[in-house]
Amino acid sequence: APEDDADAEKKRSALFRLRAFVLTLLVFQNAASALLTRWTRVKREDVPMYLDSSAVLFTELMKVPMCIFMMTVTLGWRGMLKDLRE
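First, a word on what this report is: a plain description of the structure on this page. Note that the structure is predicted; figures quoted are calculated from it, not measured.

The rules behind each value
- Along each chain, the written sequence defines residue order, and numbers are assigned to residues from 1.
- Whole-chain, interface and lining totals are the exception, using all residues; otherwise, since this is a predicted model, local features are given only for residues with pLDDT of at least 70 and side-chain atom pairs are given and counted only at 80 or more.
- Each side-chain value is worked out from all heavy atoms of the structure, with water and hydrogens disregarded.
- A pair is scored as a salt bridge if a Lys or Arg side-chain nitrogen falls within 4 Å of a carboxyl oxygen belonging to Asp or Glu.
- Secondary structure elements are defined from DSSP: runs of H or I of at least 4 residues count as helices, runs of E of at least 2 residues count as strands, and each element is numbered from the N terminus.
- A simple rule labels every residue: compare its accessible area, found with a 1.4 Å probe on the protein chains alone, to the largest value its type can have, and call it buried under 20%, exposed over 50%, or partly exposed in between.
- The length a helix should cover is 1.5 Å for every residue beyond the first.
- Only the contacting stretch of a helix is used when fitting its axis, a line to C-alpha atoms as for every element, and angles between N-to-C directions run 0 to 180 degrees.
- Angles are sorted into four bins: roughly parallel if under 35 degrees, roughly antiparallel if over 145, roughly perpendicular if 65 to 115, and oblique for all others.
- Here, residues are in contact when the closest pair of their heavy atoms is within 4.5 Å.
- Put simply, Ala, Val, Leu, Ile, Met, Phe, Trp, Tyr, Cys and Pro go in the nonpolar bin, Asp, Glu, Lys and Arg in the charged bin, and everything else, Gly too, in the polar bin.

## Topic: the pattern of salt bridges
Consideration 1: Within this structure, the stated rule accounts for two salt bridges.
Consideration 2: A salt bridge links Arg-12 to Glu-9; the shortest N-O distance between them is 3.0 Å. On the criterion of helical spacing, the pair formed by Arg-12 and Glu-9 is a turn pair, its members being three residues apart in helix α1 (residues 2-40).
Consideration 3: On the basis of relative accessible area, Arg-12 is assigned to the exposed category, the value being 51%.
Consideration 4: A salt bridge links Lys-63 to Glu-60; the shortest N-O distance between them is 3.3 Å. Here Lys-63 pairs with Glu-60, and both are found in helix α2 (residues 52-85), just three residues apart, close to one helical turn.

## A word on α1
Consideration 1: The terminal C-alpha atoms of α1 lie 56 Å apart, and with 39 residues this matches the ideal 57 Å at 1.5 Å per residue to within 8%.
Consideration 2: Of all the residues in α1, the buried ones are Leu-15, Leu-18, Val-22, Gln-29 and Ser-33.

## Some details on the packing of α1 against α2
Consideration 1: Look at α1 against α2: their axes get within 11 Å of each other, and the N-to-C directions meet at 175°. The angle between α1 and α2 falls in the class roughly antiparallel. Touching Leu-15, Leu-18, Arg-19, Val-22, Leu-25, Leu-26, Gln-29, Ser-33 and Thr-37 of α1 are Ala-55, Thr-59, Met-62, Lys-63, Met-66, Phe-69, Met-70, Val-73 and Thr-74, all from α2.
Consideration 2: Of the residues belonging to the contact of α1 with α2, the class tally is eleven nonpolar, five polar and two charged.

Take a look at the structure:
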């Protein structure tokens, strides 16, 4: 069973690295979104303003594929679908 322990440890380590990577991506995405929103909200005469809620909507829509990917990797397709149904 030492081989099973080594395999389990490798899997845990790989999942930890993946989670850290996805967390890092989400942090950069959030920072970029805040900076871009601030930059584009600067008042200009020739450009009409957009609603803040549209920026929030697009930010959240960008997170959806990353979250689905993370759920699929950690739970598998069946586990993800089961989790979504609950």
